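# Coordinates in review
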Amino acid sequence: MKHSIENNQYSLMLKEGCNLYSMDLNQTLESNKALQIDYPFDSSKGEIAMWGSCNGLVCFSINPYKDSHVMYIWNPSTVQYKKIPVAPIKGPPLVTATDEIFPGVTINIAYGFGYDSKIDDYKLIRMVDFPVEHRCEVRIYTLGTNSWTDASFLHYRLTHPSIAGVLSNEAIHWIATPDGTQGDLVIVSYDIRNDTFQQVVGPNSLSTELALSICGFDGFLCLLGNTHDVQIEVWVMKEYGVTESWTKIVTISQPEVILSFLYVRPIKWFKNGQILLEKDQTSLALYDPKSHKAIDLEVDGVSEWLEAEIFLKSLVPVTSDTDIAAQKQTEDATKNMDKGEKEQKKKNTNNNNSKKKKQRTKGGVLFYGML
């Protein structure tokens, strides 16, 4: 994994309907060709939602907004994957649940995925937002134990429900409003190592009139301030947890930088200074801070896509359903082989014993004849 990071072995995963594509991200994006990924569980085809990546493992769901949705943790480089068991939604105390269905109550589900260095394991955080109750139900899944914690409740409302939490410094972040407040946006974070929630303070000079969203940018926590879809300020927390380290790295405006956009998200900062941008979740653009210009990138092999996620090429293992099945097949084959070998050995032993018995009988006749 460290070797992959040092050698910049990152790829961009693109989602187009039920299909997935990957595109290498080298030092200067010399090629913009995307190749389709034949993921191993495509028999469960349906709408795909990506919920983040960490150390080469990608977390996503199929049919994410249906009761029958399925969650997976997958390493595209090794093709190992793990199907995550479904955890019931209990709802906050003021909501009466009937067979885990909430008539007339709209809920939104968001996930966050990251690594816990304290226990050397991976965790998935599920946030179920209940708009009526102004709070979220929280459950934590741990890959090593393949289990969910009991439900707890957080007194925040997610402002961008159904969007993946942003991983930075072993914490997962969302934009939210505290319970009982109107319009006071904050960054709420879940510390993976300590299993605690807290608020992260934003830049002091950031205008309160901006529409805020966050993203991950080369491992940093990145805050985006959108001014009525006219321009976007990009802020980066260069030293995690230090409010004074928030730095505005660029302001992207239209039509000077990009002709038109509703939303722009920085994805990758190349060593030559250029920044890869995702625009409106439909296209890519390459921005040059020196010239303050951006050019649209045509992705060869993909006609239209709606979501992008960076992942590292690594050999990080995941308890794989395919490995488990293969292991069972191997064990069964070994058992059958052992059984066959034992039967054959027993048969050979019986044949040898029978042969020896005949020889002893024949020898006995000759011996007594001689006597």
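Anything mentioned here points back to the structure above.
This section reports on the structure supplied with the text.

How each quantity is defined
Residues numbered from 1 in each chain as written. Predicted model: local features only at pLDDT ≥ 70, side-chain atom pairs only at ≥ 80, totals over all residues. Heavy atoms only, no water. Helix = DSSP H or I, 4+ residues; strand = E, 2+ residues; numbered from the N terminus. Buried < 20%, exposed > 50% of the residue type's maximum accessible area, 1.4 Å probe, protein only. Polar contact = N/O pair within 3.5 Å; in protein donor to acceptor, adjacent residues only side chain to side chain. Contact = heavy atoms within 4.5 Å. Pairing = 2+ DSSP bridges. Axes fitted to C-alpha atoms, helices over the stretch in contact; angles between N-to-C directions. Salt bridge = Lys/Arg side-chain N within 4 Å of Asp/Glu carboxyl O. Core = buried A, V, L, I, M, F, W, Y, C linked by side-chain atoms within 4.5 Å.

### Some thoughts on the side chain of Arg 265
- Within the secondary structure layout, Arg 265 lies in strand E22 (residues 264-269).
- On the basis of relative accessible area, Arg 265 is assigned to the buried category, the value being 17%.
- In this structure the side chain of Arg 265 is engaged in a polar contact, spanning 2.6 Å, whose partner is the side chain of Glu 278.
- At 3.1 Å, the side chain of Arg 265 and the backbone oxygen of Ala 308 are in polar contact.
- Those residues within four positions of Arg 265 in sequence are excluded, and the remaining contacts are Cys 215, Leu 224, Leu 276, Leu 277, Glu 278 and Ala 308.

### What about the environment of Asn 7?
- Relative to the assigned elements, Asn 7 resides in the loop between helix H1 (2-6) and strand E1 (10-16).
- On the accessibility criterion, Asn 7 (42% relative accessible area) is partly exposed.
- Between the alpha carbons of Asn 7 and Asn 26 there is a distance of 9.1 Å; along the sequence they are 19 residues apart.

### Observations concerning the sheet that holds strand E7 (residues 80-84)
- If you walk across this open sheet you meet the four strands as E4-E5-E6-E7, and the pairing is antiparallel. Strand pairing shows two members of the sheet lacking a second neighbour, strand E4 (48-54) and E7, which therefore form its edges. Averaged over all pairs of adjacent strands, the angle between their axes in this sheet comes to 20 degrees, without regard to strand direction.
- Of the strand pairs in this sheet, strand E6 (residues 70-75) and E7 are connected by five bridges, and their pairing is antiparallel. Counted as the bridge partner of Asn 75 is Gln 80 from E7.

### Observations regarding the sheet that holds strand E2 (residues 19-25)
- Strand order across the open sheet formed by four strands is E3-E2-E1-E26, with antiparallel pairing between neighbours. Edge positions in the open sheet fall to strand E3 (35-37) and strand E26 (307-312), since each of these has one partner strand only. Along the sheet, successive strands turn relative to each other by an average axial angle of 35 degrees, direction set aside.
- Here three bridges tie E2 to E3, and the two strands are oriented antiparallel to one another. Paired with Tyr 21 across the strands is Gln 36, a residue of E3.

### What about the pattern of salt bridges?
- One pass over the structure, following the stated rule, counts twelve salt bridges.
- One salt bridge connects Lys 123 with Asp 116, and the closest N-O pair in it is separated by 2.9 Å.
- Asp 116 sits in the buried class, given a relative accessible area of 1%.
- Glu 137 is the partner of Arg 126 in a salt bridge, and the nearest nitrogen-oxygen pair spans 3.0 Å. Taken together, the residues Arg 126 in strand E9 (residues 121-130) and Glu 137 in strand E10 (residues 135-142) connect sequence positions eleven residues apart.
- By relative accessible area, which is 4% here, Arg 126 ends up buried.
- Among the residues examined, Glu 137 registers a relative accessible area of 0% and is labelled buried.

### What to know about the pairing of strand E5 (residues 57-62)
- Here E5 lies mainly inside the structure; six of its six residues are buried.
- Of the two faces of E5, the one holding Leu 57, Cys 59 and Ser 61 and the one holding Val 58, Phe 60 and Ile 62 are both buried throughout.
- Pairing between E4 and E5: five bridges, direction antiparallel. Counterpart to Ala 49 in the pairing with E5 is Ser 61.
- Taken together, the five bridges between E5 and E6 define a ladder with antiparallel strand orientation. Paired with Cys 59 across the bridge in E6 is Ile 73.

### Section: the nonpolar core
- Counting 22 residues, the largest nonpolar core has Ile 73, Phe 113 and Leu 124 as the members making the most contacts within it.
- Those elements giving two or more residues to this core turn out to be E4, E5, E6, strand E8 (108-116) and E9.
- Take this core: its biggest share by element is four residues, from E9.
- Setting aside its immediate chain neighbours within four residues, Leu 124 contacts Cys 59, Met 71, Ile 84, Tyr 111, Gly 112, Phe 113, Arg 139, Ile 140, Tyr 141 and Trp 148.

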